[in-house]
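# Summary of structural features
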Number of protein chains: 4
Amino acid sequence: MNVTIWNEGIHEELYPKIKEHYPNCIHGTLAEIIGELPQVDNVHIATLEQEGCGLPDEILDKTDVLLWWGHMAHDRVPDELVAKIHHRVLQGMGLMVLHSAHFSKIFIKLMGTSCCLSWKEDTYERLFCVKPSHPIAAGIPSHFELGKEETYGEFFDVPDPDETIFLGWFDSGELFRSGCTWHRGYGKVFYFQPGHETNPTYNHEYIRKIIQNACIWLAPSNTIEYITSPYIEKTLEEIRKTK
Amino acid sequence: MNVTIWNEGIHEELYPKIKEHYPNCIHGTLAEIIGELPQVDNVHIATLEQEGCGLPDEILDKTDVLLWWGHMAHDRVPDELVAKIHHRVLQGMGLMVLHSAHFSKIFIKLMGTSCCLSWKEDTYERLFCVKPSHPIAAGIPSHFELGKEETYGEFFDVPDPDETIFLGWFDSGELFRSGCTWHRGYGKVFYFQPGHETNPTYNHEYIRKIIQNACIWLAPSNTIEYITSPYIEKTLEEIRKTK
Amino acid sequence: MNVTIWNEGIHEELYPKIKEHYPNCIHGTLAEIIGELPQVDNVHIATLEQEGCGLPDEILDKTDVLLWWGHMAHDRVPDELVAKIHHRVLQGMGLMVLHSAHFSKIFIKLMGTSCCLSWKEDTYERLFCVKPSHPIAAGIPSHFELGKEETYGEFFDVPDPDETIFLGWFDSGELFRSGCTWHRGYGKVFYFQPGHETNPTYNHEYIRKIIQNACIWLAPSNTIEYITSPYIEKTLEEIRKTK
Amino acid sequence: MNVTIWNEGIHEELYPKIKEHYPNCIHGTLAEIIGELPQVDNVHIATLEQEGCGLPDEILDKTDVLLWWGHMAHDRVPDELVAKIHHRVLQGMGLMVLHSAHFSKIFIKLMGTSCCLSWKEDTYERLFCVKPSHPIAAGIPSHFELGKEETYGEFFDVPDPDETIFLGWFDSGELFRSGCTWHRGYGKVFYFQPGHETNPTYNHEYIRKIIQNACIWLAPSNTIEYITSPYIEKTLEEIRKTK
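Attention in this report is confined to the structure presented alongside it. (Residues numbered from 1 in each chain as written. Chains lettered and ligands numbered in written order. Predicted model: local features only at pLDDT ≥ 70, side-chain atom pairs only at ≥ 80, totals over all residues. Heavy atoms only, no water.)

Before going further, it helps to examine the overall build of chain A. Of the regular secondary structure elements, chain A holds seven helices and nine strands. Since a compact globule built from 243 residues should have a radius of gyration of about 18 Å, the 19 Å found for chain A is in line with a globular shape. Expressed along its principal axes, the backbone C-alpha trace of chain A runs to roughly 70 × 40 × 35 Å. The proportion of buried residues among the 243 residues of chain A is 68%. Look at the contacts in chain A between residues 6 or more apart in sequence, and 72% of them connect residues 24 or more apart. In the form shown here, chain A has an accessible surface area of approximately 8,200 Å², with 51% of it arising from carbon and sulfur atoms. Taking the average place of the 21 positive charges on the side chains of chain A and the average place of its 35 negative ones, the gap between the two points comes to 7 Å. (Helix = DSSP H or I, 4+ residues; strand = E, 2+ residues; numbered from the N terminus. Rg over C-alpha atoms; globule rule 2.2 N^0.38 Å. Buried < 20%, exposed > 50% of the residue type's maximum accessible area, 1.4 Å probe, protein only. Contact = heavy atoms within 4.5 Å. Areas by Shrake-Rupley, 256 points an atom, 1.4 Å probe, with all protein chains shown as cover. Lys, Arg positive; Asp, Glu negative; His and termini not counted. Charge placed at Lys NZ, Arg CZ, Asp CG, Glu CD.)

Structure follows, in structure tokens:
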């Protein structure tokens, strides 16, 4: 299983304070989390500033699960690359969309909606698990204290999730559908709200566990080169009856 | 309630035989079906060959429910118009996507998938209702004979429907999720598979009833000018506590 | 359209203070709310202390939508009556389950789960609409202040809702899936959390509107005498081919 | 992982012909299928004729996934045992309900509906996969020929599945939602239609693979002793603020 972690990587340059909790940048911490999984053979890191956003075909085409963190520079990801990632999801690749990546081009394209929400930094969040039977919730208590996080508030303009696993409560008076899944083509998508760059969220035990669970869950169940729209030359019944 | 019927309108010109069952073109028959509804105040017809595809802002902006039939010329609908229709759905407009319009730009954009399927003309279809509690199924028996229709076969590459109301059985040996709903933004979407141009499907009593039911169901429940992503200046709890 | 309102009616006797905000008991206020709907022909009131719980066959069999409020005496509703109500839902009747009726026998039977939740009186609630496209949300803002209400907290042990329309935020630090729908047989079910007997919740403008919307939405789309499991004497294809 | 296979085991006694394709009875073949899984530590077989239906507490309490095949004698499974199995599902146990077990007491209790369907032996079935991204579909083609099977026809009176993975096409002219999942409490449920006792269905390569996939998917993600309805002595916010 090959996992690729994509991080915009700009915040870390502009605000060195981030390195206090993520000394190797957000992607470094995510790579560490994923690297603990015995199911994962390779963890590849890609960032915006790399050639081709760090996602040449030879990397993308063998990626089984892609994590995506972005915020300030969604527009700098070229449309051609977004089209390739989109195709790769339809082929079966899993996609984990983290925090402010709700506004990434790839998430908006997959959802078909605006993906808008309301927001405010430095509030207090508590996460509730409303689907304890889901593999992504394995080992997670029915609620836990997350601490300081950015409020993301409803209305979150996404399609009805196939599964709503986590809901977030904020002391700002808001709540949010914080952990949700969708299926697109042969691929799976998991959106997970926590992870503001100035908070040490990805060091939290349960957040790490959820990201690990999600990575395993996102692994392709089936893959396909191209989903096509074939004309049926001979029907299934004709084939059966001429056997 | 204002309903707009959009039809590509090319088949009718190329194959005059279509007018045997749809003397006023597909849009004429659809307009007749919708026109029978007391809830509908205005039925507007728009076609590809009209100026601006027949959908200038003054029409689109007051359309509550839009029906869409297209097949040969999806590419001739300009992207700017598609973006406007997409925005209008997020605002609350209902969209009924008919038959070969599964490949329309607007449906693909709203679904976020390829919308592929397999196909073959002139097979026999029977429709089953698997959600009799749904308003779109009102007055429809648990199954009915549709007769000659084009096979549309799985895998139909769409997101898991919010609701699967009808399934189609074909004597070609295929089956299909034939009547499905999704929500996008403040708007609702209904896809309905029957309606091949060379078959008199839209003259069928139950097909007409389903289209009427769907039109009523698609009416906006709420509308919004723009879905936005506001920064929370003052939190809901701050507002409450300073009252 | 015939609507029946069932209220346990015990709290009102034991705690006369309730009559300060519900002078004609909870059922009286609910009847007033439903009575405002032009679609409703008859509103019938039934309570636990009446003969047969106020639900003889001649009432139940013509009820299109049943509202249910209970709390202290769920066990006093006889199993035979619960079986009849259950059958009536499968036939197509809509059921609105209010507040503490999450523990009513009929709701538990329809859900197939324990319907447990955590609870604490006299906290502060704010309701969020996460599905503005739904008819039950018509005219309801994206969030509103409910005021003092009983906290109902997750994990709420119900099947994944078909539709989650409202989420509740509580200043106790909890949240809840407050307005949810399910389909059972030919019938529809709406659970709505607000409505603690010591709070004037049912006098709140938006709560009243939601209950009205839900009543209309719950109206049967189709009805059936009995859902059966017939042996297929002659297959659909045999019937077609012998025509 | 402990898997228990429950088979009524009466057909095999009455109709020895069944042993031509299932020499060790249906439960023997199912045990063989499950036994191939490296994830499974123990496979236990239980039948109706055993003491306590073969499901004493010491077996049931450590069962992670329970397979259930029954047909003629659903009524002979005592209600007390059904209540225990139900509780065990809410605790997290996975339940695979096979073929005619759609009418088992435990499935009806979990669904909250009648679970009716229409039926006819010895027709021809083809299975379609409509959710290739699901783990239960891993390694299964988009459709495959099942051969002779009993038609199960719609309307299948179950709650809207959380996930519809397989649809069945029958040459009798019927179709069916053949492979579906639901969540109940902490547990998962998979219903799978194929498996009529007089057809060699469980010897089919893909059927076996689906049953194996489902067994792994049904493994508990989390478990709980009792789902309770606690009074909140001290709110989450009180706890946080007194830390």
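This next bit is on the relation of the copies chain A and chain B. Expressed as a screw operation, the relation of chain A to chain B combines 0.0 Å of axial shift with a rotation of 180°, fitting to an RMSD of 0.0 Å. Such a combination of rotation and displacement between the chain copies is what one expects of a two-fold axis. Every residue of chain A has its C-alpha some distance from the rotation axis, and the shortest such distance is that of G112 of chain A, at 2.6 Å. Same-surface contact between copies: 100% of interface residues of chain A are shared with the interface of chain B. (Least-squares fit on C-alpha atoms with pLDDT ≥ 70 in both.)

What follows is about the environment of D64 of chain A. Residue and element names in this part refer to chain A. Following the sequence through the fold, D64 ends up in the loop between α3 (57-60) and β3 (65-69). For the pair D64 and P141, spaced 77 residues apart in sequence, the C-alpha to C-alpha distance is 28 Å. Ignoring any residue separated from it by four or fewer positions in sequence, one finds D64 in contact with M1, N2, M93, G94, L218 and P220.

On to the interface of chain C and chain B, then. Opposite the 29 residues of chain C that make contact, chain B presents 29 residues. Between chain C and chain B, a total of about 2,200 Å² is buried, with carbon and sulfur atoms accounting for 54% of that surface. Its largest share of buried area at the contact with chain B, chain C owes to S133, L236 and R240 of chain C, together 25% of the area lost on that side. A salt bridge links R240 of chain B to D171 of chain C, with the nearest nitrogen and oxygen atoms 3.4 Å apart. Between the two partners, chain C and chain B, sit 16 residue pairs in polar contact (both at pLDDT 80 or more). (Buried area = accessible area lost by both parts, 1.4 Å probe. Salt bridge = Lys/Arg side-chain N within 4 Å of Asp/Glu carboxyl O. Polar contact = N/O pair within 3.5 Å; in protein donor to acceptor, adjacent residues only side chain to side chain.)

Take the pattern of salt bridges next. Here the structure, examined in full by the defined rule, presents 56 salt bridges over all chains. The salt bridge involving E163 of chain A is made with K131 of chain A; its shortest N-O contact spans 3.9 Å. Of this pair, E163 of chain A sits in strand β7 (residues 163-170) while K131 of chain A sits in the loop between β5 (118-129) and β6 (143-153), and the two are 32 residues apart along the sequence. By the burial criterion, E163 of chain A is buried, and K131 of chain A matches it. The salt bridge involving E237 of chain C is made with R240 of chain C; its shortest N-O contact spans 2.9 Å. You can see E237 of chain C and its partner R240 of chain C sitting in helix α8 (residues 236-241), three residues apart, about one turn around the helix.

Looking now at the sheet that holds strand β3 (residues 65-69) of chain B. All names here are of chain B. The nine strands lie next to each other as β2-β1-β3-β4-β9-β8-β7-β5-β6, forming an open sheet whose pairing is mixed. Only two strands of the sheet have a single partner each, and these edge strands are β2 (42-47) and β6 (143-153). For this sheet the average axis-to-axis angle between neighbouring strands, irrespective of direction, equals 25°. Where helix α6 (residues 205-218) meets the sheet, it contacts β1 (2-7), β3, β4 (94-98), β5 (118-129), β6, β7 (163-170), β8 (175-184) and β9 (187-192), and its direction lies at approximately 165° from that of β9. (Pairing = 2+ DSSP bridges. Axes fitted to C-alpha atoms, helices over the stretch in contact; angles between N-to-C directions.)

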